Amino acid sequence: MNNEQPKIPQATAKRLPLYYRFLKNLHASGKQRVSSAELSEAVKVDPATIRRDFSYFGALGKKGYGYNVNYLLSFFRKTLDQDEITEVALFGVGNLGTAFLNYNFMKNNNTKIVMAFDVDQKKVGKEVGGVPVYHLDELENRLHEGIPVAILTVPAPAAQWITDRLVQKGIKGILNFTPARLNVPKHICVHHIDLAVELQSLVYFLKNYPADKGEN
Ligand code: ATP
């Protein structure tokens with residue numbers, strides 16, 4: 001991964017893919033520049049936040065001109081490692097795991113699930129969405145340093161044990177879709193997405209803060 005970029009705040013970093021996707025569409029439609037107001041409308045982030053975020057990228061929009069789309073795109077491409085494909089391994093080929101294997105992440109970003117693991121003999125040895133499914137016992141043999149990221153879609157009780165083995169193999173990041181809270185060494189980055197919790201929290205917001213937009 002690219003370590004030469006200046007450090008940007010985590011909250012800003014999380015918005016990068018959002019900006020990147022929108023700018024790619026703008027670029028494809030031939031637009032050369034974009035104002036923070038236009039961006040704000042499209043990505044639903046307030047213009048002041050966008051201006052602050054972009055100042056970290058060294059992109060200083062000019063009044064009445066806006067931001068240069070090409071400059072921003074090339075910055076994002078570098079920062080998000082879009083010039084090289086990041087390979088990903090997936091654990092747990094259930095309903096959610098299968099959906100991810102069938103989903104073409106390459107459409108919007110340069111990440112690619114290249115192998116999957118499960119313990120179910122009916123799934124092992126097959127391909128799902130063109131991705132080979134190996135037995136979990138093969139984790140140590142199959143996983144290599146060219147695969148820095150893992151997605152966990154296993155049942156919660158299996159998550160920590162798999163995580164420990166991934167850490168041993170030198171994984172750098174884990175996208176955890178299980179409800180389990182993972183213990184990892186400080187240098188490993190875990191992003192946790194519990195879809196049930198997200199849905200519940202949305203329903204709660206609708207009931208209790210109907211006037212707010214509910215974004216964070
Ligand atoms: P989902 O939770 O994605 O909807 P599901 O309901 O079909 O899936 P789960 O019981 O959640 O099934 O299991 C998800 C997948 O994880 C299944 O394919 C299961 O075989 C697999 N699995 C279970 N235990 C392990 C493990 N220890 N290592 C790898 N895969 C596992």
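Scoring rules and cut-offs
Residues numbered from 1 in each chain as written. Predicted model: local features only at pLDDT ≥ 70, side-chain atom pairs only at ≥ 80, totals over all residues. Heavy atoms only, no water. Buried < 20%, exposed > 50% of the residue type's maximum accessible area, 1.4 Å probe, protein only. Helix = DSSP H or I, 4+ residues; strand = E, 2+ residues; numbered from the N terminus. Pairing = 2+ DSSP bridges. Near = heavy atom within 4 Å. Areas by Shrake-Rupley, 256 points an atom, 1.4 Å probe, with all protein chains shown as cover. Salt bridge = Lys/Arg side-chain N within 4 Å of Asp/Glu carboxyl O. Polar contact = N/O pair within 3.5 Å; in protein donor to acceptor, adjacent residues only side chain to side chain. Contact = heavy atoms within 4.5 Å. Axes fitted to C-alpha atoms, helices over the stretch in contact; angles between N-to-C directions.

Draft legend 1. Structural context of the pairing of strand β3 (residues 86-91). Among the 6 residues that make up β3, 5 are buried, leaving the element largely enclosed by the rest of the structure. Sheet topology places β3 next to strand β4 (residues 111-118); 6 bridges connect them, and they run parallel. Its bridge partner being in β4, leucine 90 is matched across the sheet by alanine 116. Bridge count between β3 and strand β7 (residues 149-152): 4 bridges; the pairing is parallel. Each residue of the ladder has a partner; that of alanine 89, found in β7, is alanine 150.

Draft legend 2. Broad picture of the site of the ligand. Taken together, 15 residues are adjacent to the ligand, and Asn95, Leu96, Asp118, Lys123 and Pro155 come closest. In the complex, the protein chains occlude 67% of the 610 Å² of accessible area that the ligand would expose alone. Mapped by element, the contributors of at least two residues to the shell around the ligand are α5 (95-102) and α7 (156-168).

Draft legend 3. Quick look at the pattern of salt bridges. What the rule picks out here adds up to 6 salt bridges. Among the salt bridges present, the one from lysine 31 reaches glutamate 38, with a minimum N-O distance of 2.5 Å. Taking relative accessible area as the criterion, glutamate 38 reaches 35% and is therefore assigned partly exposed. A salt bridge links aspartate 120 to lysine 122, with the shortest nitrogen-to-oxygen separation between them at 3.8 Å. Overall, lysine 122 belongs to the exposed group, its relative accessible area being 65%.

Draft legend 4. Here's a closer look at the environment of asparagine 208. Along the chain, asparagine 208 falls in helix α8 (residues 195-208). Here tyrosine 204 takes part through its backbone oxygen, which lies 2.8 Å from a polar atom of the side chain of asparagine 208.

Draft legend 5. Representation of the sheet that holds strand β8 (residues 173-176) in the model. Strand order in this open sheet of 7 strands is β5-β6-β4-β3-β7-β8-β9, and the pairing throughout is mixed. Edge positions in the sheet fall to β5 (127-128) and β9 (189-192), since each of these pairs with one other strand and no more. Across 3 bridges, the pairing between β4 and strand β6 (residues 131-135) is parallel. Bridging across to β6, phenylalanine 117 finds its partner in tyrosine 134. Docked against the sheet, α7 engages β3, β7 and β8, running at close to 170° with respect to β7.

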